[in-house]
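One-letter residues, chain by chain:
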Amino acid sequence: MTLENAAIETRAIRKSFGGVQALRGIDLKVRAGDIHALLGQNGAGKSTLVKIMNGVYPAGSFEGEIALSGQKHSFRSPDDARDSGIGYVPQEIEVLDQLTVSENVFAGRMGLGRSVFVNHPNVVEKTSEIFADMGIDINPRAIVASLTSAQRHLVMIARSISAGPSILMLDEPTSSLSGHEVDALFAVLLRLKARGTTIIYITHRLPEVLTLCDRATVLRDGKIGDEYDRGEFNQEKFIFAMSGRRLQQLFPTRQVDISDRKVLEIEGLNVPGHTGAIFGARDVSFSVAEGEILGLAGLLGSGRSEILHGIYGRVSATGTIRVDGKDVRISSPRDARAAGIALLTEDRKRDGLLFNMTVADNITIGNLQGLSDFGLVSDEKERSAVQLSMEALSVKAPSRLASVAHLSGGNQQKLLFARVLMRTPRVLLLDEPTKGVDASTRAEIYRLIIELAAQGVALVVVSSELDEVIGLCDRYLTVVDGEIVGEFLRGEGDEEQVLRQIADAQSRKHPAAKHKEG
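What counts, and at which threshold
Residues numbered from 1 in each chain as written. Predicted model: local features only at pLDDT ≥ 70, side-chain atom pairs only at ≥ 80, totals over all residues. Heavy atoms only, no water. Helix = DSSP H or I, 4+ residues; strand = E, 2+ residues; numbered from the N terminus. Rg over C-alpha atoms; globule rule 2.2 N^0.38 Å. Buried < 20%, exposed > 50% of the residue type's maximum accessible area, 1.4 Å probe, protein only. Contact = heavy atoms within 4.5 Å. Areas by Shrake-Rupley, 256 points an atom, 1.4 Å probe, with all protein chains shown as cover. 1 Å grid on protein atoms, 1.4 Å probe; cavity = no way out; pocket = protein on both sides within 12 Å on 5 of 7 lines; lining within 4 Å. Points joined across faces, edges and corners; volume = space filled by probe spheres on them. Salt bridge = Lys/Arg side-chain N within 4 Å of Asp/Glu carboxyl O. Axes fitted to C-alpha atoms, helices over the stretch in contact; angles between N-to-C directions. Parallel < 35°, antiparallel > 145°, perpendicular 65-115°, else oblique. Nonpolar A, V, L, I, M, F, W, Y, C, P; charged D, E, K, R; others polar. Pairing = 2+ DSSP bridges. Core = buried A, V, L, I, M, F, W, Y, C linked by side-chain atoms within 4.5 Å. Expected span 1.5 Å × (residues − 1). Patch = residues over 30% accessible without salt bridge, like charges linked within 9 Å, V, L, I, M, F, W, Y side chains within 5 Å. Lys, Arg positive; Asp, Glu negative; His and termini not counted. Charge placed at Lys NZ, Arg CZ, Asp CG, Glu CD. Polar contact = N/O pair within 3.5 Å; in protein donor to acceptor, adjacent residues only side chain to side chain.

Undergrad: With reference to specific residues and values, describe the overall build of the chain.
TA: Within the chain one finds 18 helices and 22 strands. Taking 24 Å as the expected radius of gyration for a compact globule of 518 residues, we find that the chain reaches 23 Å, a close match to that expectation. Projecting the C-alpha coordinates of the chain onto the three principal axes gives extents of approximately 70 × 60 × 45 Å. Per-residue burial for the chain yields a buried fraction of 54% across its 518 residues. The contacts in the chain between residues at least 6 apart in sequence include a share of 68% that link residues at least 24 apart. When the accessible surface of the chain is summed, it comes to about 22,700 Å², and 47% of that surface belongs to carbon and sulfur atoms.

As structure tokens, this is what we get:
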């Protein structure tokens, strides 16, 4: 590849964090007009490299150079990169919760040009046009705080696209999207490519690379491990290049007779809906046996997460909740934890991790009572508990006192697991447990879930990836508009059957929409 047809390239990029070298001399060239995949395990350096190319890590904080169309550029900030035609959608959700969707999409550009005056109707109209082009149904006037995590991510994508970048960088853009939303996003990216936009696409979902991308670069331990043109794409080859070993089986085999003992019982759960495109839970009833893994399958906005949040007391809810046969009253997460219920939240950055605290603090926060003597935290008990948790979950960090901000997404996710498991819950609610983690870490999380089930924990799993629900769960319920509309046992339903059941339920609930489409 020559310099002339490289839209963006990096030359000998090196970057360290606190003595840990994240990038070790990266020479990357991205051909103009390509959708270029950037692959690698968590901690390989993908997000760090993209943040350098986008000005998040400014010139002077790293060694090496960045060139656009062969010309050297120095970015002091993301604004510099944006002015040079670079758009960036980070993996972490960064929105202004109390503003509307349209105000978020055009944040900093509300004049839509050089005007100092804000024309709100025009901003709303332009936002509607962008969403229509993306095939997404979100109300531009809705307050962003009312949206789901996945909808917030779509708002971020729309914000970047609205600026008309010549180079668009996407870090795990589909990590919380349903199949329909992924298809709609792919259609948008292909249209952008046809218009000449160059796209750098970070993902852990290898089938997406096979479907969408023209070229792929694999990073491993902060260095470029391999590069492939589309004709060389192969999923097994990618996995081997990322990990140095072959991943024989993603979902662990599990032969077990589910106990008749019900650990969690839900009857008539109702969770009020919110402003915007969110459905609450409506008259939801189900049970989870000891050692059972129950899945909730549904599309974006179906109410799956609202069910978990209602059980855990994060939102107001009515209905009956029983743990080990005893009615429990839950009006807050504190009540849920006292009842033996734990929740792994979907959004690590917004609802999970405390970035101003250490690795150890993130594990023990909320669990200090068991580490205290006479009301004072025992350093020895805390150090021992943290060490055991990190070893049990293979958390890779410089030390227990390290900042969580510089850990990979997979290791951040493991910290959240360590925190919720420290209380040895009877019920574990998992909202997108493998969001934004690589194939190897994903397999580790699956094995952990299986081990917890073998120990008698009752698990409820929400995932936007149907293959995850089908491959991991003993039983899975389909959710539409906050209601349970069907049930499958392991081996009974494939992705097509689940999606058909969801579509049929939607048609029954919204016959006018079906007639309009026909």
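Now that the structure has been shown, the text picks up again.
Undergrad: Kindly report on empty space enclosed by the protein, identifying the contributing residues and their values.
TA: Empty space left among the atoms is revealed by rolling a probe the size of a water molecule over them. This model, assessed by the stated rule, comprises two cavities of 30 Å³ or more. Contributing to the lining of the largest cavity are 13 residues, with Ser-175, Thr-434, Lys-435, Arg-442 and Glu-465 lying nearest its centre.

Undergrad: Describe the pattern of salt bridges, naming the residues involved and giving the relevant values.
TA: Counted by the stated rule, this structure contains 28 salt bridges. Linking Glu-65 and Lys-72 is a salt bridge whose minimum nitrogen-to-oxygen distance equals 3.7 Å. Glu-65 sits in the partly exposed class, given a relative accessible area of 27%. A relative accessible area of 53% means that Lys-72 is categorised as exposed. In this structure, Arg-76 engages Asp-80 in a salt bridge whose closest nitrogen and oxygen atoms are separated by 3.1 Å. When salt bridges with common partners are traced through the structure, they connect Arg-31, Asp-34, Arg-215, Glu-227 and Asp-229 into a single cluster.

Undergrad: Describe in detail the environment of Tyr-88, supporting the description with residues and values.
TA: Inspection of the secondary structure puts Tyr-88 in strand E6 (residues 86-89). Filtering out sequence-adjacent residues up to four positions away, Tyr-88 remains in contact with Val-50, Lys-51, Asn-54, Val-56, Ser-160, Leu-168, Met-169 and Asp-171.

Undergrad: Which residues make up the packing of helix H4 (residues 120-134) against helix H5 (residues 149-162), and what values go with them?
TA: Taken N-terminus to C-terminus, the directions of H4 and H5 make an angle of 110°; their axes are 10 Å apart at the nearest point. On the basis of their axis angle, the class for H4 and H5 is roughly perpendicular. Residue-level contacts link Ile-130, Phe-131 and Met-134 of H4 to Leu-154, Val-155, Ile-157, Ala-158 and Ser-162 of H5. Across the contact of H4 with H5, the residue classes break down as seven nonpolar, one polar and no charged.

Undergrad: Account for the sheet that holds strand E13 (residues 293-297), naming residues and giving values.
TA: Within a sheet, each strand pairs with its neighbour through backbone hydrogen bonds, oriented either parallel or antiparallel. Judged by pairing direction, the sheet is mixed, and its six strands sit side by side in the order E16-E19-E20-E13-E21-E22 without closing on themselves. At either end of the open sheet lies a strand with only one pairing partner, and these are strand E16 (341-344) and strand E22 (483-489). Taken over all neighbouring pairs, the strand axes of this sheet differ in orientation by 20° on average, direction set aside. In the sheet, strand E19 (residues 427-431) pairs with strand E20 (residues 458-462) via five bridges, with the strands oriented parallel. Looking across to E20, one finds that Leu-429 is bridged to Val-460. The strands that helix H14 (residues 409-421) touches are E16 and E19; relative to E16, the one it contacts most, it runs at about 170°.

Undergrad: Can you tell me about the nonpolar core, naming the residues and giving the values?
TA: Counting residues in each nonpolar core, the largest one holds 49 residues, and the members touching the most others are Leu-39, Val-101, Phe-131, Met-134 and Leu-189. Not counting residues up to four positions away in its chain, the partners in contact with Leu-39 are Lys-46, Thr-203, Leu-206, Val-209, Ala-216, Thr-217, Val-218, Leu-219, Phe-238 and Met-242. Membership of the second largest hydrophobic core comes to 46 residues, among which are Leu-353, Ile-449, Ile-450 and Val-469.

Undergrad: How would you sum up the pairing of strand E4 (residues 63-68)? Please name residues and give values.
TA: One ladder, built from five bridges, connects strand E1 (residues 6-17) with E4; its direction is antiparallel. Bridging from a neighbouring strand, Arg-14 pairs with Glu-63 of E4. Where E4 folds back onto strand E5 (residues 71-73) in an antiparallel hairpin, the turn is made up of two residues, including Ser-69, whose phi is positive at roughly 50°.

Undergrad: Report on helix H1 (residues 46-53), specifying residues and quantitative values.
TA: Counting buried positions over the eight residues of H1 gives seven, a clear majority of the element. Taken residue by residue, H1 has Lys-46, Thr-48, Leu-49, Val-50, Lys-51, Ile-52 and Met-53 as its buried positions. Gly-55 sits one or two residues past H1 and shows a positive phi near 85°.

Undergrad: Mind laying out the sheet that holds strand E14 (residues 318-323), listing which residues take part and the relevant values?
TA: Across the sheet, four strands lie side by side as E12-E11-E14-E15; this open sheet has antiparallel pairing. Edge positions in the sheet fall to strand E12 (284-289) and strand E15 (326-328), since each has one partner strand and no second. Adjacent strand axes in the sheet meet at a mean angle of 20°, parallel and antiparallel pairs treated alike. Bridge count between E14 and E15: three bridges; the pairing is antiparallel. Following the sheet pairing, Ile-321 is matched in E15 by Val-328.

Undergrad: Which residues make up helix H15 (residues 439-454), and what values go with them?
TA: If you check H15, its first and last C-alpha atoms are 23 Å apart, about what 16 residues at 1.5 Å a residue would give, namely 22 Å. Among all positions of H15, only Ala-439, Ser-440, Thr-441, Arg-442, Ala-443, Ile-445, Tyr-446, Leu-448, Ile-449, Ile-450, Leu-452 and Ala-453 are buried.

Undergrad: Just give me the short version of a positive patch on the surface, but keep the residues and values in it.
TA: Taken together, the side chains of Arg-14, Arg-24, Arg-220 and Lys-223 make up a positively charged region of the molecular surface. Mapped onto the elements, Arg-220 comes out in strand E9 (residues 215-220).

Undergrad: Give a description of the side chain of Gln-413 that names residues and reports values.
TA: In this structure, Gln-413 sits in helix H14. On the basis of relative accessible area, Gln-413 is assigned to the buried category, the value being 1%. Among the polar contacts made by the side chain of Gln-413, one reaches the main-chain carbonyl oxygen of Pro-433 at a distance of 2.7 Å. Setting aside chain neighbours within four positions, we find Gln-413 in contact with Leu-344, Arg-348, Glu-432, Pro-433, Thr-434, Lys-435, Val-437 and Ile-445.

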